[in-house]
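Architecture and fold: a report
So the chains spell out like this:
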Amino acid sequence: MLLWLLLHVVFSGEQFPRWLQTVLYVLCQHAPMDKSGDEVSVVLMLVLLLLQSIRRLIECLFISVFSNGVIHLVQYCFGVCYYILLGLTILCQKTFTENKAYSLSDLYEQVGWNHIMGSAIFLWGFCHQYRCHAILANLRKNKSGEVVTWSHSIPYGDWFEHVSCPNYLAELVIYLGMGLVFGGLNFTWWLVVMYVLFSHALEAVLCHEFYVKKFESYPKHRKAFIPLIF
């Protein structure tokens, strides 16, 4: 919805709905905003975030095989609110108060090296995260795709050859790529990257310790989160 509203504002020159203006004012009144001339960064960031959200939804519904345990309602609500706030954070990085309508050619003229490189890094992490989630899911399926077990096994292939939690590493790569879309100079987005780094690093260490304790034959060269580092 945020992407649709943004595209409407960019191409029509109209303002955001009053309720969204109020939300952005409350959330962004102290945030540094870019000046005119970088509308394509905000549009591209929301497109990438939408792609990531759709892919994760598809994985959760049709690919991943989860254990019998359930997450707490608070964790579920946090996950939903996180992606909503992430989209609002992106909108906070640009003011749209000029009532100026842009064309596709106007946005194309704004495209720079950072948009191309950032999108490429995003897609690199995007593809590897999908592969890693598919590998994890296949550990619990037979060749026909039927779920045959909920037990844990040692995953192999792709970035699993280097770290225990390559899906977390790929998530970090995705956010780094999105940070480059903003030119690598957006302080607010780097705070988001730091949150992803530390939260995923903690989860990766706990997961790595679980693998090491459970499997005596677990590859000793594998690190938890960052290849060759930890």
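Below you will find a few notes about this structure. (Residues numbered from 1 in each chain as written. Predicted model: local features only at pLDDT ≥ 70, side-chain atom pairs only at ≥ 80, totals over all residues. Heavy atoms only, no water.)

With that settled, the discussion passes to helix H2 (residues 18-28). Along H2, the residues classified as buried are Leu-20, Leu-24 and Cys-28. Relative to the axis of H2, the buried residues are bounded by an arc of 45° and lie together on one face. Of the residues in H2, the exposed ones pointing more than 90 degrees away from the buried face are Arg-18, Tyr-25 and Val-26. Those residues of H2 that are buried are in contact with helix H1 (2-12) and helix H4 (73-91). (Buried < 20%, exposed > 50% of the residue type's maximum accessible area, 1.4 Å probe, protein only. Helix = DSSP H or I, 4+ residues; strand = E, 2+ residues; numbered from the N terminus. Arc of directions from axis to C-beta. Contact = heavy atoms within 4.5 Å.)

Attention shifts here to the packing of H1 against helix H3 (residues 39-63). For the pair H1 and H3, the least separation of the axes is 10 Å and the interaxial angle reads 160°. Overall, the two elements H1 and H3 adopt an arrangement that is roughly antiparallel. Crossing hand, H1 versus H3: left-handed. Taken together, the residues of H3 that come into contact with H1 (itself represented by Leu-2, Leu-3, Leu-6, Leu-7 and Val-10) are Val-42, Val-43, Leu-46, Val-47 and Leu-50. (Axes fitted to C-alpha atoms, helices over the stretch in contact; angles between N-to-C directions. Parallel < 35°, antiparallel > 145°, perpendicular 65-115°, else oblique. Left-handed = near helix turned anticlockwise from the far one by under 90°.)

Further remarks concern the environment of Glu-14. Assignment of secondary structure puts Glu-14 in the loop between H1 and H2. Relative accessible area serves as the criterion here: at 45%, Glu-14 is assigned to the partly exposed category. Between the alpha carbons of Glu-14 and Lys-100 there is a distance of 7.5 Å; along the sequence they are 86 residues apart. Look past the residues within four positions of Glu-14 in its chain and what remains in contact with it is His-8 and Val-9.

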